[in-house]
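Close look at the chain arrangement
So you can see what is in the structure, the chains are spelled out below.
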Amino acid sequence: MSLTVRQLTLATLDRQLLLERRRLDVAEAVRRVCALQAQTPASPYLALWNRVQDFAPEDLDAAFAHGRIVKATLMRITLHVVHAEDYEPYRAAMLSTLRASRLYDRRFAATGLTPTDADALLPELAGFLEQPRTGAQVEDGVTGRHGEHAHRVWWALRTFAPLHHAPTGGPWSFTQPNTYRASSAAPAATPQEADTGVQRLLFAYLRAFGPASAQDFARFTLLTRPVIAKALHELGDLVVRVPGPGRAALFDLADATVPADDTPAPPRLLPMWDSTLLAHAVPGRVMPPEYRPLIVRRNGDVLPCLLVDGQVVGVWRAADGGLELAAFRKLGKVAWKGLIEEAERLSVLLADREPAVYQRYGHWWDKGFPDVERTIVKGGPARSARPVR
C-alpha cells in the first residue's frame, strides 16, 4: 500500500526520536539523527533535550570536550554537530561542494589567488591549528601575508579545510570568538573516498529522515542529482523504492519500518534551525505552508517552533523570566496542557544554563505575528492561554 502524507511525517518524527524520548548516550543519539544543525551553540543541546530521555547537558559538554562528537561546516555549507567517526566520511562527501562554494565565489576570486594557492596553505594551517586558535590568530599567523585579503582567504579555508570548532566553555560549550583546531582528516578526498562518503551519508540520512526522495536529500546536503543517483545505485539492495503520495520517487532502507497513521505525536518545543525542518524539499513534512513565512525569516533564520500532533503551530521564545509560547491558530486545552508541561521542563534546563536563550533573535517577535493565542510559562504553573489581538 502507498504511504500517506501522515505516515511520512510520523516516520520522520519517529526516526528523529520526536515520537518518544529514548534513553541513549548523547554521541549515539547524534549518530541516530544523522547530524544536528548548530549555527547557534544552544541548538544541539535543545535538540537532544527533545529527543533523549533524562538528557543531561553535562553529558553533551563532556562529549564535545572529549572529541566524541565534533562541530564543523558540512551539509548545506552550515555548521553541524556529528559523531566524530562520521566527520571524515561526511566531509569527503561534501568536500567538492564546500570547495566550490568558496573558491569559485567572487569574494575569493577578488583576492587574485587560485584554488591551488588556497590548497598550498592547508599544511601550514594544519600545523598552526594543532592548538586551538581564533580566526583573528589564523589571519595573523597564516593568511596575513595576503594583506587586505587575509580575511577572505581565511573565510574560504575555514569552510573546506579539515578543522573543527573547538569547545571554549560557556553555557553551551562554544563562545565567541569562534576557536578552531585541526582535524586528522586528509586535506583532499580521493574520488573513491568521496563516493563512499556520499553513500554513508545517504544511508545515515535515510535512517534518520526516510523515506525520502533524491530531491529531499539534495535539499539536506546541496549535493547534485548525478552524485545522489550514483550513491543510490551503489547502495544496491540496502535501499528500496517505496510507494508514496506524490510524484517524487521515495527511497528507504530495506529493513526500515513506518508508523501507522493513527500513531500519536506528542508536543515538542524545537530549537532554532532544528534539522527536522530542513531535511526535506520545501515546505517539508511538519511545516504547514501558510506558516513557513512566519517560521523561516527572509535572511534564513528558522525560529524555535511549537509542534502539536507533528505539525508546527507556532513559536516560542525566552521572555518575561520564562518562556512565551505563541500559537498561530486556536489550540484546544489538551494541546496547551502538553505544550505547557514541555515548556515548564525546558525552563528548568534553561535556568541553569541561559534563561534568555536566543535573545539576539528577539527582533523577529518585535515585528509581530498574526493574531495568536499566547501564554507565559515560568517553570511552574503557567498563566492561562489568552488570545492576543
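The coordinates are above.
Structure report, in brief. (Residues numbered from 1 in each chain as written. Predicted model: local features only at pLDDT ≥ 70, side-chain atom pairs only at ≥ 80, totals over all residues. Heavy atoms only, no water.)

1. Overview of the side chain of T73
Checked against the element boundaries, T73 lands in strand β2 (residues 69–73). Judged by its relative accessible area of 18%, T73 is buried. Beyond its immediate sequence surroundings of up to four residues, T73 is in contact with T78, L79, L98, R158 and T159. (Helix = DSSP H or I, 4+ residues; strand = E, 2+ residues; numbered from the N terminus. Buried < 20%, exposed > 50% of the residue type's maximum accessible area, 1.4 Å probe, protein only. Contact = heavy atoms within 4.5 Å.)

2. Notes on the sheet that holds β2
Across a sheet, strands are paired by hydrogen bonds formed along the backbone, either parallel or antiparallel in direction. Read from one edge to the other, the open sheet built from three strands follows the order β1-β3-β2, with strand pairing classed as antiparallel. The strands lining the two open edges of the sheet, one partner per strand, are β1 (36–37) and β2. As defined by bridge partners, β2 adjoins strand β3 (residues 79–83) across five bridges and the pair is classed as antiparallel. For T73, the partnering residue across the bridge sits in β3 and is L79. (Pairing = 2+ DSSP bridges.)

3. Brief notes about helix α5 (residues 84–103)
Compared with the 28 Å implied by 1.5 Å per residue over 20 residues, the 26 Å span of α5 between its first and last C-alpha is a close match. Approximately 55° is the largest bend angle found in α5, and it occurs at M94. With respect to burial, α5 is a largely interior element, 14 of its 20 residues being buried. (Expected span 1.5 Å × (residues − 1). Bend = angle between axes of the 7 residues up to and from the residue.)

4. Describing the packing of helix α11 (residues 191–209) against helix α12 (residues 214–221)
Put simply, α11 and α12 touch, their axes get as near as 11 Å, and they point 105° apart. Judged by the angle between their axes, α11 and α12 are roughly perpendicular. When α11 is examined against α12, the residues V198, L201, L202, Y205 and F209 are found in contact with a partner set consisting of D216, F217, F220 and T221. Here the contact of α11 with α12 is built from residues that sort into seven nonpolar, one polar and one charged. (Axes fitted to C-alpha atoms, helices over the stretch in contact; angles between N-to-C directions. Parallel < 35°, antiparallel > 145°, perpendicular 65-115°, else oblique. Nonpolar A, V, L, I, M, F, W, Y, C, P; charged D, E, K, R; others polar.)

5. With respect to the sheet that holds strand β4 (residues 133–134)
Spatially, the three strands line up as an open sheet ordered β4-β6-β5, and their pairing is antiparallel. Of all strands in the sheet, those bounded by a partner on one side alone are β4 and β5 (163–165). Note: β4 against strand β6 (residues 179–182), two bridges, orientation antiparallel. Within β6, the position partnered with T134 by the bridge is T179.

6. Here we look at the environment of V239
Here V239 is to be found in strand β7 (residues 239–242). As a C-alpha pair, V239 and G362 span 123 residues in sequence and 43 Å in three-dimensional space.

7. Regarding the packing of α5 against helix α10 (residues 150–160)
Where α5 contacts α10, the two axes come as close as 8 Å, and the packing angle between them is 165°. Classified by the angle between their axes, α5 and α10 sit roughly antiparallel to one another. The hand of the α5/α10 crossing is right-handed. Contacts between α5 and α10 involve R91, L95, L98, R99, S101, R102 and L103 on the former and, on the latter, W155, A156, T159 and F160. Of the residues assigned to the contact of α5 with α10, the class counts are six nonpolar, two polar and three charged. (Left-handed = near helix turned anticlockwise from the far one by under 90°.)

8. Observations regarding the environment of A110
Assignment of secondary structure puts A110 in the loop between α6 (106–109) and α7 (115–120). For the pair A110 and P243, spaced 133 residues apart in sequence, the C-alpha to C-alpha distance is 49 Å. Leave out the neighbours within four places in its chain, and A110 touches H149 and R152.

9. Thoughts on the nonpolar core
Formed by 72 residues in total, the largest nonpolar core has its most connected members in L48, F55, L269, L277, W316 and L325. Considering each element in turn, this core owes the most residues, eight residues, to helix α15 (residues 333–353). Among the nonpolar cores identified, the runner-up in size contains 57 residues, and M94, Y180, L201 and F209 belong to it. (Core = buried A, V, L, I, M, F, W, Y, C linked by side-chain atoms within 4.5 Å.)

10. Let's talk about the pattern of salt bridges
What the rule picks out here adds up to 24 salt bridges. Among the ionic pairs, R21 bridges to E342, the shortest N-O distance being 2.8 Å. Residue R21 is located in the loop between α1 (5–15) and α2 (26–32), and its partner E342 is located in helix α15; the two are separated by 321 residues in the primary sequence. The two residues R21 and E342 agree in class, both being buried. For E324, the salt bridge goes to R374, with nearest N and O atoms at 3.6 Å. Of this pair, E324 sits in strand β12 (residues 322–327) while R374 sits in strand β13 (residues 372–377), and the two are 50 residues apart along the sequence. For R374, a relative accessible area of 24% gives the class partly exposed. When salt bridges that share partners are traced, they join R21, R268, E342 and R345 into one network. (Salt bridge = Lys/Arg side-chain N within 4 Å of Asp/Glu carboxyl O.)

11. So, the packing of aromatic side chains
Within this structure, the stated rule accounts for 13 aromatic pairs. Between Y205 and F217, the ring centres sit 5.1 Å apart and the planes meet at 50°, which makes this aromatic pair tilted. Of this pair, Y205 sits in helix α11 while F217 sits in helix α12, placing them 12 residues apart in sequence. Residue classification places Y205 among the buried residues on the basis of a relative accessible area of 0%. Classification of F217 by relative accessible area gives buried; the value is 1%. Considering the side-chain rings of W365 and F369, the 5.9 Å spacing of their centres and the 75° angle between planes classify their relative orientation as edge-to-face. The exposure classification of W365 matches that of F369, with both residues buried. One aromatic cluster is present, formed by Y45, F64, W172 and F174 through successive ring pairs. (Phe/Tyr/Trp six-rings, centres within 6.5 Å; stacked < 30°, edge-to-face > 60°.)

Keep in mind that these numbers describe shape and distance, not what the molecule does.
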